Amino acid sequence: MSDAIHSLVEHREARRLDVAPHVALPARILISLALLAGFGRVALGQAQGSFGIGVGTVRYAGGTSVSTASFSPAWTFDSPNTNLSVGGTLASVPLGVWSSQGRADLWLSTPPAFGGLRLGLQGTGAGTARTDGDWTAAAHGVAELLWAEQGWGIALGAGPSAGWIVNTSSVTALHTRARGWWQAGTLSYNVSVEPTRFLGAWFTDATVSVTANRPAVVTSLWATARISSAYGSKAAGGVLVRVFPVTRLAFELGAGGYLADPYQGLPRGGYVTAGVRLFMARRSVPPVASQPVWPPLVPPRRGDSVVVRFHMEGARSIAIAGDWDGWQVRALSSLGGDIWEGAFALGSGTYHFNLLVDGKEWVVPGSVAIVTDDGGGMEGVLLVP
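Residues numbered from 1 in each chain as written. Predicted model: local features only at pLDDT ≥ 70, side-chain atom pairs only at ≥ 80, totals over all residues. Heavy atoms only, no water.

(A) Main features of the overall build of the protein chain. Regarding its fold elements, the protein chain presents two helices and 24 strands. Within the protein chain, buried positions represent 50% of all 385 residues. In the protein chain, the proportion of contacts linking residues at least 24 apart, taken out of those at least 6 apart, comes to 59%. Carbon together with sulfur atoms contributes 64% to the accessible area of the protein chain, which is approximately 16,700 Å² in total. (Helix = DSSP H or I, 4+ residues; strand = E, 2+ residues; numbered from the N terminus. Buried < 20%, exposed > 50% of the residue type's maximum accessible area, 1.4 Å probe, protein only. Contact = heavy atoms within 4.5 Å. Areas by Shrake-Rupley, 256 points an atom, 1.4 Å probe, with all protein chains shown as cover.)

Structural data, given as structure tokens:
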């Protein structure tokens, strides 16, 4: 059985190696890492579009290298129980051929029931197409039970997967998944373990990612391992850095490696990419899947000013920065008993803020509405009537 499995897998990979230059295009890598870093988010009914231009070099297992330029639009829509992400690339490859790649992810969940449990459904479609007539496609579906609280969550699910290659027979598989996510200050963590029954044998993909959200820089690191006695064990990892010189523009730099895609026959390789991404509008998205939707902070008035007050156990100093004065960092006063206070002259409106704890960690206080900025960083919402 093992020899037959290897033969079919090698045939599918060899079929794709004939047209390998379209694999792992720069923008595809950037989009995939961004999706990984933001995995499990739920929205407040907002749409966000962006457009990227990138260049990069891909080196395949075996020594072949390809350089390419690409154009990559992306779009997301979020509501309390829905997340839809669509992304694609159009890239030039050798021999005067243009290649396109697309991916769509739809995630749905029910309201909490039975003590906080939810039912979640995720569907993913991906594919490639070239001007010389070559194409591939893949589809994945997962139904899962999940439990989510503020700042963390866990989920367990399973579903079917399938892949197609032009002029090659299709394949199907049973895909299972266990995952967890949590937030610690400015760091977001995701862990997943995905055993898959593919062509009569099992392989398991285990992935860990961490994202550091800073006001002007977002850094995502990830590592994945494929463990299988039938297919062999392999590992890959990568990094993506986004620098925001202005609110809606990011410079992106990525590097790392990726595993083969058995559904579309895409070979293993490594990459270095650089690009620029323009965001069309500001996003308002809570950072953790299925977390409660908290109300904004509504401060009381004291004369012509509003007063903010926070409880931060064990903090030695607290400062606040907000968009009402260009994100200047201003110290809050200690009232004793872990209570910190500040007064600001603000007119009516909606504002965003962050707290700096002990001069080194940016946080948003609990039970306050959270949005993400264009770079993926979290901000609290303050409403002045």
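Structure shown, so let's carry the discussion forward.
(B) Expanded view of the environment of valine 97. Looking at where valine 97 falls in the secondary structure, it is placed in strand S4 (residues 97-109). Sequence spacing of valine 97 and threonine 131 is 34 residues, and the spatial spacing of their C-alpha atoms is 5.9 Å. If near-sequence neighbours (up to four positions away) are discounted, valine 97 is found in contact with Ala91, Ser92, Arg130, Thr131 and Asp132.

(C) Quick peek at unusual backbone geometry. With a phi close to 65 degrees, asparagine 167 is a non-glycine residue in the positive phi region. Note that asparagine 167 resides in the loop between strand S7 (152-165) and strand S8 (168-184). The phi angle at leucine 199 is positive, at roughly 50 degrees, despite the residue not being glycine. Among the residues examined, leucine 199 registers a relative accessible area of 23% and is labelled partly exposed.

(D) Representation of the nonpolar core within the structure. Within the largest apolar cluster, 21 residues are counted, with the highest numbers of intra-cluster contacts made by Ile320, Phe353 and Leu355. Of all the elements, strand S21 (residues 349-357) adds the most residues to this core, at four residues. Ranked by size, the runner-up nonpolar core spans nine residues in total, among them Ala138, Val171, Ala201 and Tyr263. (Core = buried A, V, L, I, M, F, W, Y, C linked by side-chain atoms within 4.5 Å.)

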